[in-house]
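# Coordinates in review
The primary structure of each chain is shown beneath.
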Amino acid sequence: MGRYSRLRRIQQMDPQQDFEQIYRWIIHYEFPSDYLHGTSIAFLRDYGVPRISRLLDRTQEFERAGQKRYDDTVLITYEMVREGMDSEHGLAAARHLNRIHGRYRIPNEDFLYVLATTVVGPKRWIDRFGWRRLCEQETESLALVGWRMGEMMGISGVPGTYAAFERLHDDYEREMFAYDPANRRVAAATLRIMASWYPAPVRRLASRVPLAVLDEPLLTALGFRPEPRRLRTAVHRVLRARAALIRLLPARPERFPRRPKARTYPFGWTLDDLGPHWAHSRPPAPPQDEAPEAPSVPARSTAPRTSRQETR
């Protein structure tokens, strides 16, 4: 298969009908590592909002079991799309996620923002550091997967286009980004997790690399100073050199999809393994902060029609 063969197939597809297939090609074949990198940066963006980071800080999930918390967040999204979002397994994954969130009183606008980071974050990372930019059909598919996830989670007002997700994302950050000590604590815990993936002698440097690609408003909200220009330049050059190298490699064969590998579960996992211990095959714990009951998963409605202009 040629390097751009799958892209040509995607460009002939209709995202309104095929967004799940296109999404799987993005995360398993075309950009498996870059998608995860973009998702990791999306996690850090969430911590720039004090209301979000304070809740995460209170749970102490990142301090007590940070790697598991990171893995679970990645894996539950994978489980929702693995067999199809409207398959029995996909719906079960959504119910499991709703049960976890149902313990807390989380404003709808915060749900919307976190969902938007999972759409906008990977798109921006891939366009910046991937071996090619996402095409229009891929961009729209990311948005439609985000739309369906939001629908399954019972979130109201979920955008149906990438352009709308991006506006929501940027408007929310301009209004809500602010420094809070909880922001830095949760971000520092996450950076320690990322650094632990590397040999001990380079962990200090590894914890600074993600900061070298973050924008100044986010760094300010997290309480970090910008990294020296030399480090930022070096990191950007290494990432672009990596992209140039990948561009020269053959496309990943259909028989070898890149699936997530979770450090927490070296021998595999089940859906019930994901999430806090109290969510494992048990009824929801008593609500905190007068939390409402977790929403059930609605049946799939028709995907929102989008014009090509809206997706650009």
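Here we summarise the structure given alongside this text.

### Considering the overall build of the chain
When helices and strands are tallied, the chain shows 13 helices and zero strands. N-terminal to C-terminal, the α/β element order of the chain is α-α-α-α-α-α-α-α-α-α-α-α-α. Looking at the chain as a whole, 54% of its 312 residues are labelled buried.

### With respect to the side chain of Asp 34
You can see Asp 34 is positioned in helix H3 (residues 32–46). For Asp 34, the contacting residues outside a window of four places in its chain are Trp 125, Ile 126, Phe 129, Gly 130 and Arg 242.

### Structural notes on helix H5 (residues 61–82)
Note that an α-helix has 3.6 residues per turn; residues three or four places apart therefore point the same way. Taking 1.5 Å of rise per residue, 22 residues should cover 32 Å, yet H5 covers just 26 Å from first to last C-alpha, more than 12% shy of that figure. Downstream of H5 by a residue or two, Gly 84 has a phi angle that is positive, lying close to 110°.

### Regarding the packing of aromatic side chains
Using the criterion set out here, one finds nine aromatic pairs in the structure. With a centroid separation of 5.3 Å and an interplanar angle of 65°, the aromatic rings of Tyr 4 and Trp 131 are classed as edge-to-face. Of this pair, Tyr 4 sits in the segment before helix H1 (5–11) while Trp 131 sits in the loop between helix H7 (108–129) and helix H8 (136–152); the two residues are 127 residues apart in sequence, bridging distant segments of the chain. Aromatic pair Tyr 23 and Tyr 35: ring centres 5.8 Å apart, planes at 90°, arrangement edge-to-face. With a gap of 12 residues between them, Tyr 23 in helix H2 (residues 15–30) and Tyr 35 in helix H3 connect regions that are remote in the sequence. Residue Tyr 23 shares its accessibility class with Tyr 35, and that shared class is buried. Just above the ring of Trp 131 sits the side chain of Arg 3; from NZ or CZ to the centre is 3.9 Å. Sitting over the ring of Tyr 162, Lys 123 keeps its end group 5.8 Å from the ring centre.

### Considering the pattern of salt bridges
Per the stated rule, a full pass over the model turns up 25 salt bridges. Across the pair Arg 51 and Asp 110 runs a salt bridge, and its minimum N-O distance is 2.8 Å. Of the two residues, Arg 51 sits in helix H4 (residues 50–59) while Asp 110 sits in helix H7, which places them 59 residues apart along the sequence. Overall, Arg 51 belongs to the partly exposed group, its relative accessible area being 33%. A relative accessible area of 3% means that Asp 110 is categorised as buried.

### Some points on the packing of H5 against helix H6 (residues 88–101)
Interaxial distance between H5 and H6 falls to 6 Å at its minimum, and their mutual angle equals 150°. Between H5 and H6, the interaxial angle falls into the category roughly antiparallel. Contacts from Ile 76, Glu 79, Met 80 and Arg 82 in H5 reach His 89, Gly 90, Ala 93, Ala 94, His 96 and Leu 97 in H6. The residue makeup of the contact of H5 with H6, split by class, is five nonpolar, three polar and two charged.

### Here's the deal with H2
Taking 1.5 Å of rise per residue, 16 residues should cover 22 Å, yet H2 covers just 16 Å from first to last C-alpha, more than 12% shy of that figure. The largest bend in H2 is about 35°, located at Gln 21. Counting buried positions over the 16 residues of H2 gives 12, a clear majority of the element. Taken residue by residue, H2 has Pro 15, Gln 16, Phe 19, Glu 20, Ile 22, Tyr 23, Trp 25, Ile 26, Ile 27, His 28, Tyr 29 and Glu 30 as its buried positions. Capping of H2 at its N-terminal end is provided by Asp 14; its side-chain oxygen lies 3.0 Å from the backbone amide nitrogen of Gln 16.

Reading the values: rules and limits
Residues numbered from 1 in each chain as written. Predicted model: local features only at pLDDT ≥ 70, side-chain atom pairs only at ≥ 80, totals over all residues. Heavy atoms only, no water. Helix = DSSP H or I, 4+ residues; strand = E, 2+ residues; numbered from the N terminus. Buried < 20%, exposed > 50% of the residue type's maximum accessible area, 1.4 Å probe, protein only. Contact = heavy atoms within 4.5 Å. Expected span 1.5 Å × (residues − 1). Phe/Tyr/Trp six-rings, centres within 6.5 Å; stacked < 30°, edge-to-face > 60°. Lys NZ or Arg CZ within 6 Å of the ring centre and 35° of its normal. Salt bridge = Lys/Arg side-chain N within 4 Å of Asp/Glu carboxyl O. Axes fitted to C-alpha atoms, helices over the stretch in contact; angles between N-to-C directions. Parallel < 35°, antiparallel > 145°, perpendicular 65-115°, else oblique. Nonpolar A, V, L, I, M, F, W, Y, C, P; charged D, E, K, R; others polar. Bend = angle between axes of the 7 residues up to and from the residue. Polar contact = N/O pair within 3.5 Å; in protein donor to acceptor, adjacent residues only side chain to side chain.

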